[in-house]
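# Summary of structural features
Given next are the chains, with one letter for each unit.
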Amino acid sequence: MVMAAAPEPGEPGKRKPFKLLGILDVENIPCARDSVLYGSLGSVVAGLGHFLLTSRIRRSCDVGVGGFIVVTLGCWFHCRYNYAKQRIQQRIAREGIKNKILYESTHLDPERKQTNSSN
């Protein structure tokens, strides 16, 4: 009996992706997992903290849900902003490397003009 090797993490496999509430693919969407985890922690901290201060159960649950929403959205937007910024920096670096390869040792090479003008 031959057993198939398990797919590596991050490698597309044949298994079904984990979706939160049936819509949010936590495994493949950048920042989704961290945002939900931090939101859950924020929910527990906010709800428990409010309960310890006031001893009001229903209001503490409401504060916990509000804490989940606020922390999840805050982490989501912060992470997506940094992700977009990183993608832009990667694109600029990729274009710079491509131009370096294209123009190296031609008359359009900026480094060649600097060395020739200093001679």
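This section reports on the structure supplied with the text.

Calculation notes
Every chain's residues receive numbers from 1 upward, in the order its sequence appears when written. Residues qualify for local features only when their pLDDT is at least 70, as the model is predicted, and side-chain atom pairs are given and counted only at 80 or more; totals for whole chains, interfaces and linings, by contrast, use all residues. Only hydrogens and water are set aside; all other atoms, that is, all heavy atoms of the structure, feed into the side-chain values. Two cysteine sulfur atoms form a disulfide, by the criterion used here, when they sit within 2.5 Å. The secondary structure listing takes helices from DSSP runs of H or I that are at least 4 residues long and strands from runs of E that are at least 2 residues long, numbered from the N terminus. Note on classification: 1.4 Å probe, protein chains only; a residue is buried when its accessible area is under 20% of the maximum for its type, exposed when over 50%, partly exposed between these limits. The rule for a salt bridge is simple: a side-chain nitrogen of Lys or Arg has to be within 4 Å of a carboxyl oxygen of Asp or Glu. Helices are assigned an expected span. That span is 1.5 Å times one less than the residue count. Patch definition: residues with relative accessible area over 30% and no salt bridge; like charges joined within 9 Å; nonpolar side chains (Val, Leu, Ile, Met, Phe, Trp, Tyr) joined within 5 Å. Residue-level accessible areas treat just the shown protein chains as cover; the underlying method is Shrake-Rupley with a 1.4 Å probe. His is not counted, nor are the chain ends, whereas Lys and Arg count as positive and Asp and Glu as negative. For this purpose, a charge sits on NZ of Lys, CZ of Arg, CG of Asp or CD of Glu. Under the rule applied, a polar contact is a pair of N or O atoms within 3.5 Å (in protein, one hydrogen donor and one hydrogen acceptor; residues adjacent in sequence only if both atoms are side-chain atoms). Here, residues are in contact when the closest pair of their heavy atoms is within 4.5 Å.

Here we come to the state of the cysteines. Taken as a whole and assessed by the stated rule, the structure comprises one disulfide. Disulfide pairing places Cys31 opposite Cys79 at an S-S distance of 2.0 Å. Judged by the sign of its S-S torsion, about -75 degrees, the bond between Cys31 and Cys79 is left-handed. Residue Cys31 is located in the loop between strand E2 (24-25) and helix H1 (32-54), and its partner Cys79 is located in helix H2 (residues 57-103); the two are separated by 48 residues in the primary sequence. What makes Cys31 buried here is its relative accessible area of 11%.

This brings us to the pattern of salt bridges. Going through the model one piece at a time under the given rule, you end up with one salt bridge. Between Arg33 and Asp34 there is a salt bridge whose closest N-O contact spans 3.7 Å.

Here we take up H1. The terminal C-alpha atoms of H1 lie 32 Å apart, and with 23 residues this matches the ideal 33 Å at 1.5 Å per residue to within 8%. Three or more residues of H1 are buried, namely Ala32, Ser35, Val36, Gly39, Gly42 and Gly47.

This part takes up the environment of Gly49. With respect to the secondary-structure elements, Gly49 resides in helix H1. In this structure, the C-alpha to C-alpha distance between Gly49 and Gly64, residues 15 residues apart in sequence, is 9.1 Å.

A contiguous patch of positive charge on the surface is contributed by Arg80, Arg87, Arg91 and Arg94. You can see Arg94 is positioned in helix H2.

With that settled, consider unusual backbone geometry. The backbone phi angle of Cys31 is positive, close to 80 degrees, even though this residue is not glycine. One non-glycine residue, Ser55, lies in the positive phi region at around 60 degrees. Within the secondary structure, Ser55 is located in the loop between H1 and H2. Ser55 sits in the exposed class, given a relative accessible area of 54%.

Bringing the side chain of Ser35 into the picture now. Tracing the backbone shows Ser35 in helix H1. According to the relative accessible area criterion, Ser35 is buried, its value standing at 2%. Side-chain polar atoms of Ser35 contact the backbone oxygen of Cys31, separated by 2.7 Å. Polar contacts involving the side chain of Ser35 include one to the main-chain amide nitrogen of Trp76, which spans 3.3 Å. Other than its neighbours up to four places away in sequence, Ser35 contacts Thr72, Cys75 and Trp76.

All we've got here are geometric facts, nothing functional implied.
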